[in-house]
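Observations on the three-dimensional arrangement
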Amino acid sequence: MKFSAEKLDEIEPSGIRELFAKAQGIENVISLGIGAPDITTPIGLKEALKQAVDDDYNNYDQSIGNLELREAIAEKYKEYYGIEYDSSEGVIVTTGGVELIYVALQTYLKPGEEVLHQDPCFLTYPRQVVLAGGKMVWMPSTPDFKIDIEKTKEKITDKTRIMILNFPSNPTGAVMTRQELKALVDMAEDHNLLILSDEVYEHIIFNGNKHVHVGSIDNAYERTITVNTFSKTYAIPGWRMGFGVTTPEILKPILKYHTYVVANSTTPTQVALANYMQRKESEDFIKYIRNEFQKRRDVIVEGFNSIEGISCQKPVGSFYCYPDISQTKYPNCEEFSEKAFKDARVVLVPGLEFGPSQTPYIRASFGSAGVEQIQEVIERLNKIL
Ligand SMILES: Cc1ncc(COP(=O)(O)O)c(C=O)c1O
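As the structure is a computational prediction, the values presented were derived from the model and not from experiment.

Reading guide: rules and limits
Residues numbered from 1 in each chain as written. Predicted model: local features only at pLDDT ≥ 70, side-chain atom pairs only at ≥ 80, totals over all residues. Heavy atoms only, no water. Buried < 20%, exposed > 50% of the residue type's maximum accessible area, 1.4 Å probe, protein only. Helix = DSSP H or I, 4+ residues; strand = E, 2+ residues; numbered from the N terminus. Pairing = 2+ DSSP bridges. Axes fitted to C-alpha atoms, helices over the stretch in contact; angles between N-to-C directions. Parallel < 35°, antiparallel > 145°, perpendicular 65-115°, else oblique. Contact = heavy atoms within 4.5 Å. Near = heavy atom within 4 Å. Polar contact = N/O pair within 3.5 Å; in protein donor to acceptor, adjacent residues only side chain to side chain. Areas by Shrake-Rupley, 256 points an atom, 1.4 Å probe, with all protein chains shown as cover. Nonpolar A, V, L, I, M, F, W, Y, C, P; charged D, E, K, R; others polar.

The next thing to look at is the pairing of strand 7 (residues 224-229). A large share of strand 7 lies buried, amounting to six of its six residues. Of the two faces of strand 7, both are covered, the one formed by Thr224, Thr226 and Asn228 as well as the one formed by Ile225, Val227 and Thr229. The pairing of strand 6 (residues 194-198) with strand 7 spans four bridges and is parallel. When the sheet's bridge partners are listed, Asp198 is paired in strand 7 with Val227. Relative to strand 8 (residues 242-245), strand 7 runs antiparallel, the two being bridged by four bridges. Across the sheet, Thr229 pairs through a bridge with Gly242, a residue of strand 8.

Structural data, given as structure tokens:
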């Protein structure tokens with residue numbers, strides 16, 4: 001008997017997950033592949049989770065999310081960005097940021113409609129656009145990995161519905177200024193586009209730079225869904241806890257969809273996070289990871305730039321850097337990545353995973369390896385190059 005899953009034929013399997021699986025169990029591999037912090041989950045948060053389970057928060061909770069957690073999230077937005085989200089109808093807790101991206105696209109996209117996302121971008125976006133029956137449209141980048149606004153304007157058609165933004169960016173670590181983002185918001189307004197702003201790296205931003213929350217830009221609030229997560233901020237990617245903020249009007253249909261997909265995100269984890277977020281130690285933890293990643297960034301960027309043929313821009317945020325390898329012996333990113341894995345036991349993600357024009361780049365995650373491992377990677381790469 002043959003069962004058809006042909007609607008997935010167009011979807012490529014995740015190359016990063018495949019690399020991740022390939023590296024498992026092989027000795028002496030250093031992975032700069034997967035985008036997950038190697039930092040231990042804060043002890044206070046682990047204890048809060050144990051406590052929540054012991055206190056019997058093991059039942060269903062509201063689909064929109066635990067009330068205390070939604071209030072804590074709204075409070076943070078007020079504190080960081082001076083913007084008030086309605087904790088009763090404008091904040092949702094989801095199963096990772098990925099679930100919110102999925103549900104938002106499924107909710108707001110009709111078959112054949114178009115979604116703008118950057119080339120390069122987090123690989124989940126284009127694949128989820130296809131899952132939602134939409135058409136992916138790549139927004140070109142400037143040489144410093146910002147969105148090229150003028151070229152993007154040429155891509156807009158009467159079918160364009162959604163624009164996805166992601167700053168600090170995965171895979172490049174670039175950010176755009178408030179003024180540059182405002183131009184994109186204005187463009188969205190002119191064409192009545194919904195903005196999906198993925199800000200999961202909001203706290204991982206270096207040298208005192210302040211994150212620009214797109215929803216806080218003049219006229220953006222009424223058309224923006226912000227995607228966020230606890231995965232990176234508190235080093236708990238395995239807990240699968242994400243969240244979003246937007247207007248009650250935009251959230252209502254998303255909530256309807258979310259309810260039929262997951263009912264509610266796990267209850268004890270939400271209770272633990274609500275408790276932890278209200279403690280000062282959660283802010284201290286954020287400062288700690290920011291400093292740690294900044295140290296790693298400085299080492300890895302200097303290291304890459306010391307290798308002949310590689311040139312690497314300094315990421316302003318996130319925990320990725322995105323070196324140009326086009327002047328090395330292996331100028332094709334897939335060949336480079338394979339060579340690095342086979343001969344240096346280093347996992348690096350080929351740029352083509354992030355967009356069709358990304359052949360000269362590879363992505364290195366310094367979230368998943370400490371300074372010593374990064375130094376070892378540079379040494380090993382130097383040898384094979
Ligand atoms: C840009 C971006 N958005 C969203 C996510 C999703 O995170 P999660 O589903 O763990 O919350 C990631 C994870 O790597 C990411 O890099």
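Let us now look at the packing of helix 11 (residues 333-344) against helix 12 (residues 371-384). One way to put it is that helix 11 packs onto helix 12 with a least axis distance of 10 Å and a crossing angle of 100 degrees. Accordingly, the angle class assigned to the pair helix 11 and helix 12 is roughly perpendicular. Taken together, the residues of helix 12 that come into contact with helix 11 (itself represented by Lys339, Ala340, Asp343 and Ala344) are Arg380, Leu381 and Ile384.

The subject of this paragraph is the site of the ligand. Looking at the ligand, there are 14 residues lining it, with Gly97, Asp198, Thr229, Ser231 and Lys232 nearest. The backbone of Val98 places a nitrogen or oxygen atom 3.2 Å from an oxygen atom of the ligand. Lys232 places a side-chain nitrogen or oxygen 2.7 Å from an oxygen atom of the ligand. For the ligand, the protein covers 93% of the area, taking 400 Å² as the surface of the free molecule. Considering each element in turn, the shell around the ligand owes the most residues, three residues, to helix 4 (residues 96-108). Its residues assigned to classes, the shell around the ligand shows five nonpolar, six polar and three charged.

Attention now moves to the side chain of Thr247. Mapped onto the secondary structure, Thr247 falls in the loop between strand 8 and helix 8 (248-262). The exposure class assigned to Thr247 is buried, which follows from its relative accessible area of 7%. Only 3.0 Å separates the side chain of Thr247 from the backbone nitrogen of Ile250, close enough to count as a polar contact. Dropping the residues within four chain positions of it, Thr247 is found in contact with Glu89, Tyr221 and Glu222.

Taken together, seven strands build an open sheet; the order of strands is 2-8-7-6-5-3-4 and the sheet is mixed. Looking at which strands have only one partner, the edges of the open sheet turn out to be strand 2 (91-94) and strand 4 (135-139). Strand after strand, the sheet turns through a mean of 20 degrees between neighbouring axes, direction not considered. Of the strands in this sheet, strand 2, strand 3 (114-118), strand 5 (160-165), strand 6, strand 7 and strand 8 touch helix 4, which is tilted by about 155 degrees from strand 7.

Structurally, Ile378 is set in helix 12. Along the primary structure Ile378 and Ser306 are separated by 72 residues, whereas in three dimensions their C-alpha atoms are 8.6 Å apart. Residue contacts for Ile378: discarding those within four places in its chain leaves Ile300, Gly303, Phe304, Ser306 and Ile307.

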